[in-house]
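One-letter residues, chain by chain:
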Amino acid sequence: MTQSRPEGAPQSGTSSAASSSVSSRVASGRSSPARSGRTRSGGRRPAPDVVRDLAFDILCGVVEDRRMLETTLERHPGGDGRDRAAAHRLAATALRHMGTIGEILQPFLKREPPAPVRCALILGVAQLLYLDTPPHAAVGTIVDLLRRRGLAPFTGLANAVLRRVAREGETLREGLDEARLDVPPWLWSAWGPRARAITHGFYREAPLDLTLRPGAEVPREGTLLPTGSVRLPPGTRMTGLPGYEEGQFWAQDAAAAMPVRLMGDLTGQRVADLCAAPGGKTAQLAHAGADHVTAVEREAPRAARLRENLARLGLGNVEVVEGDALSWKPQQPFDAVLLDAPCSATGTLRRHPDVLWNKRPRDVKALAETQDAFIDAAHEMLKPGGKLLYAVCSLQDEEGPDRIAKALASGRWALAPFTPEELATMPEARTQEGYFRTHPGLWEDRGGMDGFFAARLVRK
């Protein structure tokens, strides 16, 4: 798994009951109450606006520094939960539609503005065209944002451009291939025939999926999916659900919950989970009948988070090893290893649209080399005939089928294809080779799912 995406951890956001409040804060231009004043020269001093300020910092972080959306959100001080949720929604909307927004802005800009000004304009267009913000609020909040950030010379430009977009933007959208525009060309090409379905899937906000511990009740408002996961509406706050403190469930996308279920019967076996934090799959293994589960995690803060999550779930019997799975050696070999490898995380676009603009082809190449090293390390941990379940939350061939092809070519592994019976609850995810592969456009009528790849190998 990517080592920065928190599967199994409490998710930030609002409850379903509060989601309309979050939407209204974006649409109306409101934020937490604050007062405006006058500057010494007599001009109006813009009032603080936590929603736009945070959304602006998120977008600039992605565009200028390739910083993850959640990193800015976590570091940013101030704002209540609703402000932060509204800022997340505004920034994520801008990122999902950034290609189209750029195309719409192009005719109105005689020259390219500084990057922060462009980010402010993108937020303004996102409010106008995708979040139903009234024009006066969309324009006014962006003009005030520029003043607060020391960019007052560009307020006239923003006022003129956004007013024209308010008048002409919908007309300019006509005939645009938005799905194609909103995906960087290298990703669109890499995804091939799946590209349009993937993009349509990532436009939707992701629901909250839960994995229940055996015997736990389905939370109210939850829908039991064919695979056994439970789905709740987007914006549901997991920590507020009855049963959370008692460890009755954990957050895990329906696709992410499948690899452990595809490992086969683990009763009485010794099993390792490599790159285990935050612990969703570790918890699944512990409840699957394994005799002993070892969770290996390299980074100390993530290992601490792993222990916290396992403690909430009442799984203190899992052995947690703080070490690098590339060099760590077990005292005795395992019967099975789960490797949810560090990856580009392009499969998590619904929740993390910043991935579209943060990743580069060279990142995928470097990750593929690391994934090969993890597969080799897992081989040394397994007894002959032991199983490796390799998984990545990636849509890239280089991180999925290409890695399995290379492993098989080494002569040290045999493929154990997933059977139609094993994937009877999600038959559309079974490839011709017997791999498991999903993307955000699958189960569109149910709310979609993350993109995942998994394959099962046997050590020769």
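Since we're looking at a predicted model, the values are computed, not measured.

1. Here's the deal with the UniProt feature "domain: SAM-dependent MTase RsmB/NOP-type" (unreviewed entry) in the protein
Next, step 1: Per the UniProt record, "domain: SAM-dependent MTase RsmB/NOP-type" (unreviewed entry) is found at residues 175-460.
Next, step 2: Taken end to end, residues 175-460 comprises 27% helix and 20% strand; its first and last C-alpha atoms sit 55 Å apart.

2. Quick notes on the packing of helix H4 (residues 81-96) against helix H6 (residues 115-130)
Relative orientation and spacing of two packed helices are given, respectively, by the angle between their axes and the distance between those axes.
Next, step 1: Look at H4 against H6: their axes get within 9 Å of each other, and the N-to-C directions meet at 90 degrees. It follows from the interaxial angle that H4 and H6 lie roughly perpendicular. In this structure, H4 uses Leu90, Thr93 and Ala94 to contact H6, whose residues at the interface are Ile122, Leu123, Ala126, Gln127 and Tyr130.
Next, step 2: Here the residues of the contact of H4 with H6 are counted per class, giving six nonpolar, two polar and no charged.

3. Comments concerning the nonpolar core
Next, step 1: Counting residues in each nonpolar core, the largest one holds 66 residues, and the members touching the most others are Leu274, Val337, Leu339, Leu388 and Phe436.
Next, step 2: Broken down by element, the residue count for this core peaks at six residues, all from strand E11 (residues 382-392).
Next, step 3: Setting aside residues up to four positions removed in sequence, Val337 forms contacts with Met263, Ala272, Leu274, Ala378, Met381, Leu382, Lys387, Leu388 and Leu389.
Next, step 4: Phe108, Val143, Val183 and Leu395 belong to the second largest nonpolar core, which has 59 residues in total.

4. Here we look at the pairing of E11
Next, step 1: Burial runs high along E11: eight of the 11 residues are buried.
Next, step 2: Judged from the six bridges that link them, strand E10 (residues 334-340) and E11 form a sheet pairing that is parallel. Along E11, the bridge assignment pairs Leu339 with Tyr390.
Next, step 3: Here E11 pairs with strand E14 (residues 453-459) via six bridges, running antiparallel. Directly across from Val392, in E14, lies its bridge partner Phe453.

5. Details of the side chain of Arg312
Next, step 1: Here Arg312 lies in helix H14 (residues 300-312).
Next, step 2: Nearest to the buried, unbridged Arg312 among oppositely charged side chains is Glu245, at 6.8 Å.
Next, step 3: There is a polar contact of 3.0 Å between the side chain of Arg312 and the backbone oxygen of Phe249.

6. Some remarks on the UniProt feature "active site" (unreviewed entry) in the protein
Next, step 1: The UniProt entry lists Cys393 under the feature "active site" (unreviewed entry), expressed in the numbering used here.
Next, step 2: Here Cys393 shows up in the loop between E11 and helix H17 (401-409).
Next, step 3: For Cys393, a relative accessible area of 5% gives the class buried.

7. Topic: helix H13 (residues 280-287)
Residues three or four positions apart in an α-helix share a direction because the helix packs 3.6 residues into each turn.
Next, step 1: For H13, the buried fraction is high: six of the eight residues fall into the buried class.
Next, step 2: If you check which residues of H13 are buried, you get Gly280, Lys281, Thr282, Ala283, Gln284 and Leu285.
Next, step 3: Gly289 sits one or two residues past H13 and shows a positive phi near 95 degrees.

8. Digging into the sheet that holds strand E3 (residues 208-212)
Next, step 1: Here four strands make up an open sheet; going across it, the order is E4-E5-E3-E6 and the pairing antiparallel. Lying at the two open borders of the sheet, with one neighbouring strand each, are strand E4 (223-224) and strand E6 (249-251).
Next, step 2: Inspection of the sheet shows E3 paired to E6 by three bridges, in the antiparallel sense. Residue Thr211 lies in a different strand from E6, and its bridge partner there is Trp250.

9. Here's the deal with helix H11 (residues 195-202)
Next, step 1: Among all positions in H11, only Ala195, Ile198, Thr199, Gly201 and Phe202 are buried. Down the axis, H11 shows its buried residues gathered within 160 degrees of arc, on one side only.

10. Here we look at the packing of aromatic side chains
Pairs of aromatic rings are described using the distance from one ring centre to the other and the angle between the two planes.
Next, step 1: Following the criterion strictly, the structure yields four aromatic pairs and no others.
Next, step 2: Taking the centre distance of 5.2 Å and the plane angle of 65 degrees together, the rings of Tyr435 and Phe453 count as edge-to-face. Of this pair, Tyr435 sits in the loop between strand E12 (413-415) and strand E13 (436-437) while Phe453 sits in strand E14, and the two are 18 residues apart along the sequence.
Next, step 3: The class for Tyr435 is buried, based on a relative accessible area of 8%.
Next, step 4: Three or more aromatic residues link up through ring pairs in this structure, and these residues are Tyr390, Tyr435 and Phe453.
Next, step 5: For the cation-ring pair, Arg446 lies above Trp443, with the distance from its terminal atom to the ring centre recorded as 4.8 Å.

11. Thoughts on the pairing of E14
Next, step 1: Taken across its seven residues, E14 has six buried, putting it largely inside the fold.
Next, step 2: Pairing geometry for E12 and E14, over three bridges, is antiparallel. Each bridged residue has a counterpart across the sheet, and for Trp413 the counterpart in E14 is Arg459.
Next, step 3: Of the strand pairs in this sheet, E13 and E14 are connected by two bridges, and their pairing is antiparallel. Across the sheet, the residue bridging to Phe436 is Ala454, located in E14.

12. A few points about the environment of Asp273
Next, step 1: Within the element layout of this structure, Asp273 appears in strand E7 (residues 270-274).
Next, step 2: Distance from Asp273 to Pro135, taken between C-alpha atoms, is 51 Å for residues 138 residues apart in sequence.
Next, step 3: Apart from the residues lying within four places of it in its own chain, the contact partners of Asp273 are Lys281, Thr282, Leu285, Thr294, Ala295, Val296 and Leu338.
Next, step 4: A distance of 2.5 Å separates a polar atom in the side chain of Asp273 from a polar atom in the side chain of Thr282.

13. Some remarks on the pattern of salt bridges
Next, step 1: This model, assessed by the stated rule, comprises 30 salt bridges.
Next, step 2: Two residues, Glu170 and Arg173, come together in a salt bridge whose shortest N-O distance is 3.6 Å. With Glu170 and Arg173 both in helix H8 (residues 155-173), this residue pair falls three residues apart, about one helical turn.
Next, step 3: For Glu170, a relative accessible area of 46% puts it in the partly exposed group.
Next, step 4: For Arg351, the salt bridge goes to Asp253, with nearest N and O atoms at 2.6 Å.

Analysis parameters
- Residues numbered from 1 in each chain as written.
- Predicted model: local features only at pLDDT ≥ 70, side-chain atom pairs only at ≥ 80, totals over all residues.
- Heavy atoms only, no water.
- UniProt positions renumbered as here; feature names shortened; annotations may be inferred.
- Helix = DSSP H or I, 4+ residues; strand = E, 2+ residues; numbered from the N terminus.
- Axes fitted to C-alpha atoms, helices over the stretch in contact; angles between N-to-C directions.
- Parallel < 35°, antiparallel > 145°, perpendicular 65-115°, else oblique.
- Contact = heavy atoms within 4.5 Å.
- Nonpolar A, V, L, I, M, F, W, Y, C, P; charged D, E, K, R; others polar.
- Core = buried A, V, L, I, M, F, W, Y, C linked by side-chain atoms within 4.5 Å.
- Buried < 20%, exposed > 50% of the residue type's maximum accessible area, 1.4 Å probe, protein only.
- Pairing = 2+ DSSP bridges.
- Lys, Arg positive; Asp, Glu negative; His and termini not counted.
- Salt bridge = Lys/Arg side-chain N within 4 Å of Asp/Glu carboxyl O.
- Polar contact = N/O pair within 3.5 Å; in protein donor to acceptor, adjacent residues only side chain to side chain.
- Arc of directions from axis to C-beta.
- Phe/Tyr/Trp six-rings, centres within 6.5 Å; stacked < 30°, edge-to-face > 60°.
- Lys NZ or Arg CZ within 6 Å of the ring centre and 35° of its normal.

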